[in-house]
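Listed below are the residues making up each chain.
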Amino acid sequence: MNKKTNACRILDKQKISYQLREYEWSEDALDALHVAEETGNNPAQIFKTLVLTGDKTGNIVACIPADKTLHLKHLAKISRNKKCELIPVDTLEKLTGYIRGGCSPIGMKKLFPTFIDNSAEQLDTILISAGKRGLQIELAPFDLKKVVRAEFAMITED
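How each quantity is defined
- Residues numbered from 1 in each chain as written.
- Predicted model: local features only at pLDDT ≥ 70, side-chain atom pairs only at ≥ 80, totals over all residues.
- Heavy atoms only, no water.
- UniProt positions renumbered as here; feature names shortened; annotations may be inferred.
- Phe/Tyr/Trp six-rings, centres within 6.5 Å; stacked < 30°, edge-to-face > 60°.
- Helix = DSSP H or I, 4+ residues; strand = E, 2+ residues; numbered from the N terminus.
- Salt bridge = Lys/Arg side-chain N within 4 Å of Asp/Glu carboxyl O.
- Buried < 20%, exposed > 50% of the residue type's maximum accessible area, 1.4 Å probe, protein only.
- Pairing = 2+ DSSP bridges.
- Axes fitted to C-alpha atoms, helices over the stretch in contact; angles between N-to-C directions.
- Contact = heavy atoms within 4.5 Å.

An unreviewed UniProt entry lists the chain under the name Cys-tRNA(Pro)/Cys-tRNA(Cys) deacylase, with Listeria innocua serovar 6a as the source organism. Its UniProt record gives the chain the following Sequence similarities (unreviewed entry) comment, quoted word for word: "Belongs to the prolyl-tRNA editing family. YbaK/EbsC subfamily."

## A closer look at the packing of aromatic side chains
All chains considered together, the criterion is met by one aromatic pair. Pairing Phe 142 with Phe 152 gives two aromatic rings, centres 5.0 Å apart and planes at 65°, and the pair type is edge-to-face. Residue Phe 142 is found in helix α5 (residues 141–148), and its partner Phe 152 is found in strand β8 (residues 151–153); the two are separated by 10 residues along the sequence.

## A short note on the pattern of salt bridges
Within this structure, the stated rule accounts for two salt bridges. Across the pair Asp 12 and Lys 4 runs a salt bridge whose closest N-O atoms are separated by 2.8 Å. By relative accessible area, which is 36% here, Asp 12 ends up partly exposed.

## What to know about the sheet that holds strand β6 (residues 126–132)
Here we have three strands laid out as an open sheet, ordered β1-β7-β6, and antiparallel in their pairing. Edge positions in the sheet fall to β1 (19–22) and β6, since each of these pairs with one other strand and no more. Between one strand and the next, the sheet's axes are offset by a mean angle of 35°, whatever the strand orientation. Across four bridges, β1 lies against strand β7 (residues 135–139) in antiparallel orientation. Across the sheet, the residue bridging to Glu 22 is Leu 135, located in β7. Sheet strands touched by helix α1 (residues 6–13): β1, β6 and β7. Its angle to β7, the strand with the most contacts, is close to 25°.

Written out as structure tokens, the structure reads:
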């Protein structure tokens, strides 16, 4: 079975090194902490992808560690918005092409402004969704930054 997703194909095309990590998933546990538990990785290394809308700039993407909470005011400020909020889950697939629990920052229908929590800069590799449930991509955070033209920023709560 071919496990390559659109995110994988984009990384291949840009000659970016990565590893695929499979894990057991269920509808009852789609959160990033479950991914950390299933893969045996530190939750600080598993980055969840959140899609939000800003009142000035429109849609934005935030990648934050599984064990952290997004600081909406920090993200709003860094993204040049007064406020931002998560998009409704029922609009995620139409907007990004991905479903909840399988949303990758790589390969969305459109390249939205993306912000990666600056804790990623201290890590050799991070894991992000490969674009489908049960599959993660492990790659260098600076490679993720390059491929989605992201910015590292302090966007989580202390």
